[in-house]
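A structural walkthrough
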Protein chains: 2
Amino acid sequence: MKTKNLVAAALVGAVAFTFNIARAQDPLPSWNDGPAKKSIVEFVAKVTKPASPDFVPVPERIATFDNDGTLWCEQPLPVQAFFASDRVKTLAPQHPEWKTKEPFASVLKGDYKAALAGGDHAILELFMVTHAGMTTEEFEQIVKDWITTAKHPKTGKLFTEMTYQPMLELLAYLRANGFKNFIVSGGGIEFMRPWAEQVYGIPPEQVVGSSITTQFEMRNGKAVLLRLPKLNFNDDKEGKPIGINQHIGRRPIAAFGNSTGDKEMLEYTQAGSGARFELLVLHDDGAREYAYGPALGLPNVKLGAFTQALYDQAQKSGWTVISMKNDWKRIFAFDK
Amino acid sequence: MKTKNLVAAALVGAVAFTFNIARAQDPLPSWNDGPAKKSIVEFVAKVTKPASPDFVPVPERIATFDNDGTLWCEQPLPVQAFFASDRVKTLAPQHPEWKTKEPFASVLKGDYKAALAGGDHAILELFMVTHAGMTTEEFEQIVKDWITTAKHPKTGKLFTEMTYQPMLELLAYLRANGFKNFIVSGGGIEFMRPWAEQVYGIPPEQVVGSSITTQFEMRNGKAVLLRLPKLNFNDDKEGKPIGINQHIGRRPIAAFGNSTGDKEMLEYTQAGSGARFELLVLHDDGAREYAYGPALGLPNVKLGAFTQALYDQAQKSGWTVISMKNDWKRIFAFDK
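Heads up: these notes are all about the structure in this document. On a predicted model such as this, the values are computed, not experimentally measured, just so you know.

Section: the overall build of chain A
In terms of regular secondary structure, chain A is built from 13 helices and 7 strands. Whereas a compact globule of 336 residues would reach a radius of gyration of roughly 20 Å, chain A reaches 22 Å, a difference of no more than 12%. Oriented by its inertia axes, the alpha-carbon framework of chain A measures out at about 80 × 50 × 50 Å. Taken over 336 residues, chain A has a buried fraction of 52%.

Focus: the relation of the copies chain A and chain B
Each copy of the sequence occupies a distinct position, and chain A is placed on chain B by a rotation of 180° and an axial shift of 0.0 Å, giving an RMSD of 0.0 Å. Seen this way, the second copy is the image of the first under a two-fold rotation axis. Of every C-alpha in chain A, the one belonging to H247(A) sits nearest the axis of rotation, 3.1 Å from it. Of all interface residues in chain A, 100% are interface residues in chain B too; the two copies therefore contact each other through one and the same surface.

Some details on the sheet that holds strand β2 (residues 180-188) of chain B
By definition, the strands of a sheet pair up through backbone hydrogen bonds, in either a parallel or an antiparallel sense. All names here are of chain B. A sheet is described by the order of its strands in space; here 7 strands give the open sequence β4-β3-β2-β1-β5-β6-β7, paired in mixed fashion. Whereas interior strands pair on both sides, the edge strands pair on one side only; in this sheet they are β4 (222-233) and β7 (320-323). Going across the sheet, the axis of each strand differs from the next one's by a mean of 30°, ignoring polarity. Where strand β1 (residues 62-65) meets β2, 4 bridges bridge the pair, whose relative direction is parallel.

Regarding the packing of aromatic side chains
Residue and element names in this part refer to chain A. Tallying each qualifying case throughout the model produces 40 aromatic pairs over all chains. Measuring from centroid to centroid gives 6.4 Å for F43 and F179, while their planes differ by 50°, and the two rings are tilted. With F43 in helix α2 (residues 35-48) and F179 in the loop between α8 (165-176) and β2 (180-188), this pair connects stretches of sequence that are 136 residues apart. For the pair F43 and F179, one class covers both residues: buried.

A few points about the interface of chain A and chain B
Interface size is commonly expressed as the accessible surface area that is lost when the partners come together. Opposite the 38 residues of chain A that make contact, chain B presents 38 residues. Contact between chain A and chain B buries roughly 3100 Å² in total, counting both sides, with carbon and sulfur atoms accounting for 45%. Area buried by chain A at its contact with chain B is led by E205(A), F216(A) and Q246(A), which between them contribute 21% of it. Linking chain A with chain B are 8 salt bridges. At the junction of chain A with chain B, the criterion picks out 22 residue pairs in polar contact (both at pLDDT 80 or more). Listed by contribution, the elements that provide at least two residues to the side of chain A that touches chain B are α7 (136-147), β2, α9 (189-200), β3 (207-219), β4 (222-233), α10 (239-247) and α11 (263-270) of chain A. Of the residues belonging to the side of chain A that touches chain B, the class tally is 16 nonpolar, 10 polar and 12 charged.

Brief notes about the packing of helix α2 (residues 35-48) of chain B against helix α8 (residues 165-176) of chain B
Residue and element names in this part refer to chain B. Packing of α2 against α8 leaves a shortest axis separation of 11 Å and a crossing angle of 15°. By the angle class used here, α2 and α8 are roughly parallel. The two elements α2 and α8 meet at a crossing, and its hand is right-handed. Residues I40, V41 and V44 of α2 lie in contact with α8, whose contacting residues are L170, Y173 and L174. Classifying every residue of the contact of α2 with α8 by side-chain character gives 6 nonpolar, no polar and no charged.

Thresholds, definitions, all that
- Residues numbered from 1 in each chain as written.
- Chains lettered and ligands numbered in written order.
- Predicted model: local features only at pLDDT ≥ 70, side-chain atom pairs only at ≥ 80, totals over all residues.
- Heavy atoms only, no water.
- Helix = DSSP H or I, 4+ residues; strand = E, 2+ residues; numbered from the N terminus.
- Rg over C-alpha atoms; globule rule 2.2 N^0.38 Å.
- Buried < 20%, exposed > 50% of the residue type's maximum accessible area, 1.4 Å probe, protein only.
- Least-squares fit on C-alpha atoms with pLDDT ≥ 70 in both.
- Contact = heavy atoms within 4.5 Å.
- Pairing = 2+ DSSP bridges.
- Axes fitted to C-alpha atoms, helices over the stretch in contact; angles between N-to-C directions.
- Phe/Tyr/Trp six-rings, centres within 6.5 Å; stacked < 30°, edge-to-face > 60°.
- Buried area = accessible area lost by both parts, 1.4 Å probe.
- Salt bridge = Lys/Arg side-chain N within 4 Å of Asp/Glu carboxyl O.
- Polar contact = N/O pair within 3.5 Å; in protein donor to acceptor, adjacent residues only side chain to side chain.
- Nonpolar A, V, L, I, M, F, W, Y, C, P; charged D, E, K, R; others polar.
- Parallel < 35°, antiparallel > 145°, perpendicular 65-115°, else oblique.
- Left-handed = near helix turned anticlockwise from the far one by under 90°.

Such coordinate-based values are descriptive only and should not be taken to indicate function.
Written as structure tokens, this is what we have:
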């Protein structure tokens, strides 16, 4: 190799090295540069620098994240609805009456639209029947078995692969900066806990969600908790601040959501003193994920509605609204 | 100084140095050597040594502690009853009817025995009225103000000084060994949180307790939670495993209590797989603290009962029962 080539090779090497360093130093590589990413990085800087007037001590760095539509895909149905549907199919042989009884009959035919037509009451019944009647440990195992095999109907990927890569980076970035991340979801607390630690790095005690009633009993001389078909707590809308207070006991300083179900959580976060951060994910990428919600002039969906009123409130309140289409370089880890 | 004296001085110094090292290395200096201390140290060793067949990974090292009578003194009344009583006196001018209405009238006269005679219903009413009607943040401030001044009627010490020194050492010892300590108390969750971090090193999100219902509302444009005079959850007896499952989502591997209210928590802890540890504090030191409970042939008390049946169950189940009189060198930090 000639000297000139050696120098060139060294230069190329140095540039590649510098580029890799720069990449390694960017904690949010799947986020495009822009106001959204900038608002996150600036917030984290100002609450973590000891000399900052907005400095927040580590124990108070609480961040709360909605799950469906914020951390993972909630279309064409929330993942837990697929779980409930699969449970109906599994349990059907023990329930011959379901063949003609709604919403079970429609679920067994794969007609989810008809099943949902029964309204909240039908959905609640579907969830209670499929989520109760076993111990908490038995249910944990059922969820673990299901989540390691269940796949998204459109992409064919595991549901746990349908998590948003930019949000996984955000969770890690906050954690590296002394934040304690909590999930605060309308979804079932015991549906999320069995896999949240592995997928999000969020341990069971940092998962807040809706729950059913449990009952203590001795079974073969061993203490167990039995899951009853009765709603205990609905962790949605006004329920989110209530659940946060119940489980965490401090106001978050940062909150992340994507729908009207998250409005009160963001309001509650913002009403605390000192620096605060609120963010909403707008699903506007029909090509790479889904586009939905009235704020985009698109039809509403049963869950995960981003209404025009919510959009207006976000603008007025200074909440960051991120466009999945424009703010995210890639959405899923499996995206090129 | 002669050579012989120099050597003697050096020897004395070396012995003192060794003694100090030994003391510094003993993580439980206020515990007398004996089976109780030994059982704790052996349990911690076997679950933390990587080569141990009983090794437990750090995230699963969950320890739960009852509060009243386990971490701090609950006699002559649980501390929260003194708080409720002081609140009645503070609020009395706004409630002239309390002068003749029980249990308030008796509380205002300082006759707690008569106040308690109204039974659970009267106690519940007393707690609801004194603990509700303000926002969660206002209540937090009320508790903070009270706890920094309120004193134990017998010792004249702050209630926060009436915490058991051996248990404070145990909390620190477990924490140093990768455990996450939780309080799981029948007491009010929002009565304990404002001071538990400073006193026990246990942050608000690791406090589980009884709670009243809260309601989300906007007040002067700010999101707040209003405390309603309605019981939400009773974290006692069967409620303890239910509260543990709700808040923590894993079975503890170690649990500490002192009364029948803790029985189910210990049963639930023990029923998990792998190494487990359960401990009950027996209040048998009338000279340095209080002696009470049927297991000692002494009268029962309203709260904190250590029955003969519980004692027998502890023996049968291999739970460690510690004698405050024999196992603890000192009880309070202010003891000589």
